[in-house]
Amino acid sequence: MQILSGQQLRALDEMTVHEEGITSLELMERAVTAFTGSFCKQFRPSSGPILIVCGTGNNGGDGFATARQLHRAGYNTHVVAAEFGKRSPDNQANFNAAKRLDFPFTLLRAGNPFPKPAPGVILIDALLGTGLSRPLEGYWAELIERWNETEDITRVALDVPSGLPADGPATGAVFMADHTFVLGYPKVAIFAPENAVYVGEMSLVKFKLSSVRTVLHVGPEGDIRPNQMLTEGYVATLVKKRGNSDHKGTFGHALLVAGSFGKMGAAVIAARAVLRAGAGLVTCHVPRSGYEIMQISFPEAMCTVDAHWYQTTGVGDLSQYATIGIGPGLGTEQLTAAALRDVLTRYAKPLVIDADALNLIAQSPSLFALIPKGSILTPHPKEFERLFGKTADSFARWRVQGEAAKRNELVILLKTNHTTIATPTGKIYVNTTGNPGMGTAGTGDALTGILTGLLAQGYEPATAATLGVYLHGLAGDLAAEALSQEFLLAEDVVNHVGAAYQELARVRN
Ligand SMILES: NC(=O)C1=CN([C@@H]2O[C@H](COP(=O)(O)OP(=O)(O)OC[C@H]3O[C@@H](n4cnc5c(N)ncnc54)[C@H](O)[C@@H]3O)[C@@H](O)[C@H]2O)[C@@H](O)CC1
Ligand SMILES: Nc1ncnc2c1ncn2[C@@H]1O[C@H](COP(=O)(O)OP(=O)(O)O)[C@@H](O)[C@H]1O
Ligand SMILES: [K+]
C-alpha cells in the first residue's frame, strides 16, 4: 500500500471531491464514519467516558463529527473545543452541528485552566492533524505534555498524534497516543522508530478515495523515504506455488558461511532458517571446532570444514551454490576478512550479507565495491551506522539507505521495529510485522537464513527481501501469540515460519 505525503493526501482529498462530485464536508463525514466504525469495535460505551479535544482545522472538524456520531451511538461524550485560530469551513460546520447536541461542550482558550481528564477517560486527540505547520508551543504544548503525563487514561490519536509532522522529524511537543487511528493512507512519520512512543498501536482506517495513482506526481519532489507499506494481501501474492514434480534440486542449494568459536549458535539458527524457508539443501561452511556442533544440532545441514580451528579463513568451490548467506557469528578477524574478500571476488550472483560480514566491509570499504549486484544487506542501526556513517534521525537514514541501494544496485535493509527495505529501483518498503519479543539473541540470524533460503529458491532479490522480512516478523508474531513475547527465542521464530506460510496461503485463497 502506498505511503502518502501530506501534500499527496491533500491532493487526494481534492481529487476525490472533484471526481465524485461530493462536498469536502461529505468526505469528512465518510472518513469519520469509517473511523468511528473502527473505534467502536475496540472501545465500547462501557469502556469509559469519551473526551474529544478538537482543534480549528479539519482534524478538529473530524473530532466534532466523531463526537456527534459517538454521542448518537450511546457513548458518554464530552467535547473540548480549542480556540487557537480561525476555523476551517468544514470545522465550523461540524462545530455548529455538535454544539446543537446535548452533551458537555467546553471552549478552551490559551491561558484557561488546563482541563483534567478523570481516571478511566478515553481521550481522543483531534487537535491537529496533517496540517501541522510549525511545532506546538506555549499553552498548547503544555496541555499536550500534561496529558502525556496523566495516568489512568487511554490516549487515542485521530489520524496522527497532534504535533507529529506527517513527513519529517518531530521537534516540539507531541501527543503520546496508546492507539493511533490513521485515516485513509499511512503517513511516513508513523514508521520512524523514534516516533513509536507517540503512535502506540496503529490501525489504518480505510474509506473510499480516488485512486492514489492520480496524486503520485505530487511532491515533495526528490524526496527519498519509504513509499510502500507491506500488507498481508500483497505479500501473500509473492509466494511461489510449488509444482508436484519439483524436488530438492529445484528449490536450490544454499551455502551458509557463518559461525566462529563461541558463536556457533548463530550458524545453527541461520542454517535451520534456510531450510525452514523452503530451500532444498544447505551446506554450512564452519571452522573445525564448529563441525560437530552443526552436525549434531542440525543433521539436515551438510558441512564443509575450514582449515582453521576457530574461524573461517577460506571457502572452497562456490560454483554449485544457488546463493550464499554470509556473516552471522563470523567474527571480524583479519583472516576472515580475507576469506570474505575471496568469496565476494569469486561469486557473481546475489547473496545475503549480514552481521560480521557487514562489520568487515565497514572496516575495509574496498570490499563494498566487490558485492555482487542484487545482493541483500541486512544491517541493524548500529551496523548501518558503521557502513554508512552517522545520521540525525530516521528520515536522514532512509535517504542514505535509498540512495545507497539505487547507486550500488543492492537491496539494503534497515532492521528496526518497522524494518525498511530499499531496492535498486528506488522503492522503499516498510514492514508491518514483528514485535518487541523479537528483541532477543539470534532473530537477525534467523532472518539471514530465511532470506538465503528464498534466494536459493529463485526469488528475485527485492521479492526475497520483502517476503522474507514480512514472513520473519509474522512468524515472530505467531510465536509471541503462542508463547508470549518474554519467552520467545530465535528458534521459536524459525519454528513458526510454517504457520506464517500457512497464514499467507489462507489470505491468498
Ligand atoms: N483523506 C483524509 O484522510 C481526510 C482527512 N481529513 C482530516 O484533515 C486533517 C488535515 O486538516 P487540515 O489541513 O485542516 O490540518 P489540521 O487540522 O492539522 O489543522 C491545521 C490548522 O492548524 C494550524 N496550525 C498548524 N500548526 C499549528 C501549530 N503548531 N499551532 C497552532 N496552530 C497550528 C494551521 O494554521 C491550520 O489552521 C487530517 O489530519 C484529517 O484529520 C478529513 O477531514 C477529510 C478526509
Ligand atoms: N520491537 C520490534 N518489533 C519488530 N521487530 C523487531 C523488534 N525488535 C527486533 N526486531 C527484529 O528482530 C531482528 C533482530 O535482528 P538483529 O538485531 O540482527 O539481532 P541478532 O544480531 O541478535 O540476530 C530484526 O529483524 C528486527 O527487525
Ligand atoms: K490528531
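Residues numbered from 1 in each chain as written. Chains lettered and ligands numbered in written order. Predicted model: local features only at pLDDT ≥ 70, side-chain atom pairs only at ≥ 80, totals over all residues. Heavy atoms only, no water.

The chain carries the name Bifunctional NAD(P)H-hydrate repair enzyme in an unreviewed UniProt entry, which gives Neolewinella antarctica as its organism. Quoted verbatim from the Subunit (unreviewed entry) heading of the UniProt record, the comment on the chain is "Homotetramer." (UniProt positions renumbered as here; feature names shortened; annotations may be inferred.)

A. Region of interest: the pairing of strand S15 (residues 411-414). In S15, alternate side chains face the same way, and those of Val411 and Leu413 on one face and Ile412 and Leu414 on the other are all buried. As judged from the 3 bridges shared by S15 and strand S16 (residues 420-422), these two strands associate in the antiparallel manner. Each bridged residue has a counterpart across the sheet, and for Leu414 the counterpart in S16 is Thr420. (Buried < 20%, exposed > 50% of the residue type's maximum accessible area, 1.4 Å probe, protein only. Helix = DSSP H or I, 4+ residues; strand = E, 2+ residues; numbered from the N terminus. Pairing = 2+ DSSP bridges.)

B. Molecular detail of the packing of helix H15 (residues 461-483) against helix H17 (residues 497-508). At their nearest, the axes of H15 and H17 sit 8 Å apart, and the two run at 110° to each other. One way to sum up the angle between H15 and H17 is to call them roughly perpendicular. Note on packing geometry: the crossing formed by H15 with H17 is right-handed. Contact with H15, carried on its side by Leu467, Tyr470, Leu471, Leu474, Ala475 and Leu478, involves Val497, Ala499, Ala500, Tyr501, Glu503 and Leu504 of H17 and no other residues of that element. Residues belonging to the contact of H15 with H17 are distributed by class as follows: 11 nonpolar, no polar and 1 charged. (Axes fitted to C-alpha atoms, helices over the stretch in contact; angles between N-to-C directions. Parallel < 35°, antiparallel > 145°, perpendicular 65-115°, else oblique. Left-handed = near helix turned anticlockwise from the far one by under 90°. Contact = heavy atoms within 4.5 Å. Nonpolar A, V, L, I, M, F, W, Y, C, P; charged D, E, K, R; others polar.)

C. Expanded view of the site of ligand 1. Ligand 1 sits among 20 residues. The nearest are Asp13, Asp62, Gly129, Arg134 and Asp159. In the model, a nitrogen atom of ligand 1 is placed 3.3 Å from a nitrogen or oxygen of the Pro135 main chain. In this structure, Asp159 approaches ligand 1 through a side-chain N or O atom, which is 2.6 Å from an oxygen atom. Protein contacts shield 83% of the accessible area of ligand 1, which totals 880 Å² for the unbound molecule. For the shell around ligand 1, a count of residues per class yields 9 nonpolar, 7 polar and 4 charged. (Near = heavy atom within 4 Å. Polar contact = N/O pair within 3.5 Å; in protein donor to acceptor, adjacent residues only side chain to side chain. Areas by Shrake-Rupley, 256 points an atom, 1.4 Å probe, with all protein chains shown as cover.)

D. Summary view of the coordination of the potassium ion (ligand 3). Distances from the potassium ion (ligand 3) to its protein donors, Asn59 (OD1), Asp125 (O), Leu128 (O), Leu158 (O) and Val160 (O), fall at 2.6 to 3.0 Å. Overall, Leu128 belongs to the buried group, its relative accessible area being 18%. For Val160, a relative accessible area of 1% corresponds to the buried category. (Donors = N, O, S within 2.8 Å, 3.2 Å for Na, K, Ca; no water.)

E. Region of the structure containing the packing of aromatic side chains. Scanning all chains against the criterion turns up 16 aromatic pairs. Between Phe368 and Phe388, the ring centres sit 6.1 Å apart and the planes meet at 80°, which makes this aromatic pair edge-to-face. Pair noted here: Phe368 is in the loop between helix H11 (355-363) and strand S14 (376-377) and Phe388 is in helix H12 (residues 381-388), with a separation of 20 residues, a long-range link. Accessibility expressed as a relative area gives 16% for Phe368, which makes it buried. With a centroid separation of 5.2 Å and 75° between ring planes, the pair formed by Phe395 and Trp398 is classed as edge-to-face. (Phe/Tyr/Trp six-rings, centres within 6.5 Å; stacked < 30°, edge-to-face > 60°.)

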